[in-house]
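# Observations on the model geometry
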Amino acid sequence: MKWWHLLLGLIGLYGLAIILLNLFLGKMVFLPKKLASDYEFRFDFPFEELWLEGSELTINALFFPSQVQRKGLLIYLHGNADNLQRWGTYTIDFTSIGYDVIAIDYPGYGKSLDSPSEAKVYASAELAWSWAVSRYPAEKIIIYGRSLGSAPASYLSSQHKARMLILETPFYSIPDVLNRRNFFIPWFNNDYHFPNYQFLEDSKNDAYIVQGTRDKIVPYASAVELKPFLTDDTRFKVIEGGGHRNLSTFDEYHHWLRRILE
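Residues numbered from 1 in each chain as written. Predicted model: local features only at pLDDT ≥ 70, side-chain atom pairs only at ≥ 80, totals over all residues. Heavy atoms only, no water.

Tracing the chain through its elements places Thr 213 in the loop between β9 (207–212) and α9 (220–224). Thr 213 gets classed as partly exposed once you look at its relative accessible area, which sits at 29%. The spatial distance from the C-alpha of Thr 213 to the C-alpha of Glu 240 is 5.4 Å, given a sequence separation of 27 residues. Not counting residues within four places of it along the chain, the set of residues in contact with Thr 213 comprises Tyr 220, Val 238, Ile 239, Glu 240, Gly 241 and Gly 242. (Helix = DSSP H or I, 4+ residues; strand = E, 2+ residues; numbered from the N terminus. Buried < 20%, exposed > 50% of the residue type's maximum accessible area, 1.4 Å probe, protein only. Contact = heavy atoms within 4.5 Å.)

Okay, structure coming up:
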């Protein structure tokens, strides 16, 4: 085989990889796990299952009541994988210090109907907000977004005045993450933006960010790019050695969370 034949073959494979990765980008952004409609959630603490209905969406949600004296409500917007059976376990971090929590599954996740898209994720967050403000004063509502959930959380904060916005392992935007993690892949799929920087620029609330230095999913540098949109650098909490999925295993995270919420 001539060397240029091999080179042309490699170029062709590279081009095919670029096309396939761009075509199936949605499969990388959204990693839902469906649940049967009759699935029974199981947790070691009280909860109530809810259905939130809009004109075009119906999503599944879970409500977790505070385990101590009630301070307000936290809207929990989870990451890009799994469903509420996993994410509901994290709500103890908030109910244990006085906050009711409502957590939602985006379309296509868990029992929620339809399929996910960027617009539908934002619409789902709006359904959670509508439910929340019908039961709690806006000044007692905290918006919390984790990873992909940082985008609908920031979006809500750009639309509504709440008590505060908290982002765990957020990113500047999806294109920024892709460019930082895949140096040799040109991305031409423009269906997924999730521009946290834009929403934070328009935020109606004080924002706090917590990020680990060893995050292999959302590069630390991508989160740092959001610093200019915070009131000051002290609102950007760094967990040394923290990864993408384990910040809640650090005592430092819980001390920080209690300080800003209490």
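Now, onward.
Notably, Asp 82 is not glycine yet its phi reads approximately 65°, a positive angle. Taking the relative accessible area as the measure of exposure, Asp 82 reaches 14% and is therefore buried.

Taken as a whole, this structure holds 22 aromatic pairs when the rule is applied. Considering the side-chain rings of Phe 30 and Phe 194, the 6.2 Å spacing of their centres and the 75° angle between planes classify their relative orientation as edge-to-face. With Phe 30 in the loop between α2 (25–29) and β1 (31–32) and Phe 194 in the loop between α7 (174–181) and α8 (196–201), the pair connects residues that are 164 residues apart, well separated along the chain. Here Phe 30 and Phe 194 have matching classes, each one buried. The ring of Trp 87 has Arg 86 lying over it, and the distance from NZ or CZ to the ring centre is 4.1 Å. When the ring centre of Phe 236 is taken as reference, the NZ or CZ atom of Lys 227 above it lies at 5.2 Å. (Phe/Tyr/Trp six-rings, centres within 6.5 Å; stacked < 30°, edge-to-face > 60°. Lys NZ or Arg CZ within 6 Å of the ring centre and 35° of its normal.)

The angle between the axes and the distance between the axes are what describe a pair of packed helices. One can describe the packing of helix α5 (residues 118–133) onto helix α6 (residues 150–159) by two numbers: an axis separation of 9 Å at closest approach and a directional angle of 60°. On the basis of their axis angle, the class for α5 and α6 is oblique. The crossing of α5 and α6 is right-handed. Of α6, the residues touching α5 (which contributes Val 121, Tyr 122, Ala 125, Glu 126 and Trp 129) are Ala 151, Pro 152, Tyr 155, Leu 156 and Gln 159. Here the residues of the contact of α5 with α6 are counted per class, giving eight nonpolar, one polar and one charged. (Axes fitted to C-alpha atoms, helices over the stretch in contact; angles between N-to-C directions. Parallel < 35°, antiparallel > 145°, perpendicular 65-115°, else oblique. Left-handed = near helix turned anticlockwise from the far one by under 90°. Nonpolar A, V, L, I, M, F, W, Y, C, P; charged D, E, K, R; others polar.)

These figures capture arrangement, not role.
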